[in-house]
Amino acid sequence: MSFRLNPTFADRLARADRTLFGGWICSGSPVAAEIMAGAGLDWLLIDMEHAPNGLESTLAQLYAVSGYSSTPVVRVPAGDAVIIKQVLDLGAQNILVPMISTPEEAKAVAAMTRYPPAGVRGVGSALARSARWNRVDGYLRDDAAHVSVFVQIETVEGVANAHAIAETLGVDGVFVGPSDLAASMGLIGQQTHPDVVAAVKRAFAGIAAAGKPIGINAFDPVAARDYAAAGARFILVGADVALLARASEKLAETYLASTAQAPRASY
């Protein structure tokens, strides 16, 4: 029996004639993941860095979104060979690795996703969902075709090295993180500060010069459109927890504010 895996996110980006817009899944909930997947977004980021996700919950979310057209990307918590091996063995085809500031770090991460002799990924596909328990013909031979690797620039050093990071063999694209970049610049919490935006766009220029797709998160629609115009090919435009937080606050405001202002009945 032979099983065919889905195209990778790198494949989808290569075919796309527009910017791909995605949603961030930070709740750790397969239910929330499926709700986000059913919304029709182009891609989804299942987050293991800043969310309560381990291997089991990440696997459950991969299952939950597998019946939908949104392409899942898993952000691992760190560039660690063991974690990356385990996440790939879960069947994640697309990973994002945070806090990459040098081409040496990018090269090491790329090697963690490839089998020897090209890399250092441990061989266990016969036991894992990645190769559908040996139902994907040639999985070991064609490993690079089944996995796409994205790295995240989030520091001043990373911006300076953007071109070298992007042109690293095995890196399929680069995502810029404006929140940590702002912190790195001494402007924590000011992602839309002009100096931060300028640094983001310097990173964009370096990545584009290497011919790799550029990603970023931008929940402000004005910022998202500006970054798309500046060359971003994939953008996170909202997160499950943020959507729930703002909608529930609005709900409370709608009903509790009116109740507080209403005169009490006197008897």
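See the structure above.
Quick summary incoming for the structure in this document. Keep in mind that what you see is a predicted model, and the values were worked out from it rather than measured.

### As for the pattern of salt bridges
Argument step 1. On inspection of all chains with the given rule, the structure shows 9 salt bridges.
Argument step 2. With its nearest N and O atoms 2.8 Å apart, the salt bridge here joins Asp42 to Arg18. You can see Asp42 sitting in the loop between helix 2 (30-37) and strand 2 (43-47) and its partner Arg18 sitting in the loop between helix 1 (9-15) and strand 1 (20-25), a full 24 residues away along the chain.
Argument step 3. With its nearest N and O atoms 3.2 Å apart, the salt bridge here joins Asp89 to Arg121. In this pair, Asp89 sits in helix 4 (residues 81-89) while Arg121 sits in the loop between helix 5 (103-112) and helix 6 (143-146), placing the two residues 32 residues apart along the sequence.
Argument step 4. For Asp89, a relative accessible area of 18% puts it in the buried group.
Argument step 5. Each of the salt bridges in this network shares a partner with another, and the network as a whole consists of Arg12, Arg18 and Asp42.

### A look at the layout of surface pockets
Argument step 1. Estimated volume of the largest pocket: approximately 370 Å³.
Argument step 2. Along the wall of the largest pocket there are 22 residues; nearest its centre are Asn6, Ser70, Thr71, Pro72 and Gln93.
Argument step 3. When residues of the lining of the largest pocket are traced back to their parent elements, those giving at least two are helix 1, helix 3 (55-65) and strand 3 (71-75).
Argument step 4. In the lining of the largest pocket, the residues fall into 8 nonpolar, 9 polar and 5 charged.
Argument step 5. Roughly 260 Å³ of internal volume is contained in the second largest pocket.
Argument step 6. Around the second largest pocket, the lining comprises 13 residues; the ones closest to its centre are Ser179, Gln191, Asn217, Ala218 and Phe219.
Argument step 7. Among the residues forming the lining of the second largest pocket, the class breakdown is 8 nonpolar, 4 polar and 1 charged.

### Considerations on the nonpolar core
Argument step 1. Ranked by size, the top nonpolar core spans 57 residues in total, and within it Ile84, Val174, Val176, Val200, Phe204, Ile216 and Tyr227 carry the most contacts.
Argument step 2. Examining the composition of this core, we find that 7 residues originate from one element, helix 10 (residues 194-209), more than from any other.
Argument step 3. Beyond its immediate sequence surroundings of up to four residues, Val176 is in contact with Ile153, Leu181, Val200, Ala203, Phe204, Ile207, Gly215, Ile216 and Asn217.

### Some remarks on the sheet that holds strand 3
Backbone-to-backbone hydrogen bonds pair the strands of a sheet. The strands run either parallel or antiparallel.
Argument step 1. Ordered in space as 1-2-3-4-5-6-7-8, the 8 strands form a closed barrel in which the pairing is parallel. Across the sheet, the mean angle from the axis of one strand to that of its neighbour is 30 degrees, orientation sign disregarded.
Argument step 2. Bridging between strand 2 and strand 3 involves 5 bridges; their strand directions are parallel. Considered in strand 3, the bridge of Trp43 is made with Thr71.
Argument step 3. Against the sheet, helix 2 makes contact with strand 1, strand 2 and strand 8 (232-239), and its axis sits at roughly 165 degrees relative to strand 1, the strand it touches most.

### Digging into helix 10
Argument step 1. Look at helix 10: 23 Å from first C-alpha to last across 16 residues, which is about the 22 Å you get at 1.5 Å a residue.
Argument step 2. When helix 10 is considered as a whole, its buried residues turn out to be Val196, Val197, Ala199, Val200, Ala203, Phe204, Gly206 and Ile207.
Argument step 3. The first or second residue beyond helix 10 is Gly211, which carries a positive phi of 75 degrees.

### Looking at the packing of helix 2 against helix 3
Argument step 1. Viewed as axis vectors pointing N to C, helix 2 and helix 3 meet at an angle of 30 degrees, and their least axial separation amounts to 8 Å. One element, helix 2, and the other, helix 3, form an angle in the roughly parallel class. Crossing angle aside, the handedness with which helix 2 passes helix 3 is right-handed. Only Ala60, Gln61, Ala64 and Val65 of helix 3 make contact with helix 2, whose side of the interface consists of Pro30, Ala33, Glu34 and Ala37.

### Considerations on the side chain of Gln61
Argument step 1. On the secondary structure map, Gln61 appears in helix 3.
Argument step 2. The class for Gln61 is buried, based on a relative accessible area of 0%.
Argument step 3. Within the local environment of Gln61, its side chain forms a polar contact with the side chain of Asn53, the two groups lying 2.7 Å apart.
Argument step 4. At 3.0 Å, the side chain of Gln61 forms a polar contact with the backbone oxygen of Ser57.

### A closer look at empty space enclosed by the protein
Argument step 1. Here the structure, examined in full by the defined rule, presents 1 cavity of 30 Å³ or more.
Argument step 2. Reported here for the largest cavity is a volume of approximately 30 Å³.
Argument step 3. Around the largest cavity, the lining residues are Phe9, Trp43, Val73, Leu96, Phe150 and Phe234.
Argument step 4. Here the residues of the lining of the largest cavity sort into 6 nonpolar, no polar and no charged.

### What to know about a nonpolar patch on the surface
Argument step 1. Taken together, the side chains of Leu251, Tyr255 and Leu256 present a nonpolar region at the surface, about 360 Å² in accessible area.
Argument step 2. Within the secondary structure layout, Leu256 lies in helix 12 (residues 240-261).

Analysis parameters
Residues numbered from 1 in each chain as written. Predicted model: local features only at pLDDT ≥ 70, side-chain atom pairs only at ≥ 80, totals over all residues. Heavy atoms only, no water. Salt bridge = Lys/Arg side-chain N within 4 Å of Asp/Glu carboxyl O. Helix = DSSP H or I, 4+ residues; strand = E, 2+ residues; numbered from the N terminus. Buried < 20%, exposed > 50% of the residue type's maximum accessible area, 1.4 Å probe, protein only. 1 Å grid on protein atoms, 1.4 Å probe; cavity = no way out; pocket = protein on both sides within 12 Å on 5 of 7 lines; lining within 4 Å. Points joined across faces, edges and corners; volume = space filled by probe spheres on them. Nonpolar A, V, L, I, M, F, W, Y, C, P; charged D, E, K, R; others polar. Core = buried A, V, L, I, M, F, W, Y, C linked by side-chain atoms within 4.5 Å. Contact = heavy atoms within 4.5 Å. Pairing = 2+ DSSP bridges. Axes fitted to C-alpha atoms, helices over the stretch in contact; angles between N-to-C directions. Expected span 1.5 Å × (residues − 1). Parallel < 35°, antiparallel > 145°, perpendicular 65-115°, else oblique. Left-handed = near helix turned anticlockwise from the far one by under 90°. Polar contact = N/O pair within 3.5 Å; in protein donor to acceptor, adjacent residues only side chain to side chain. Patch = residues over 30% accessible without salt bridge, like charges linked within 9 Å, V, L, I, M, F, W, Y side chains within 5 Å. Areas by Shrake-Rupley, 256 points an atom, 1.4 Å probe, with all protein chains shown as cover.

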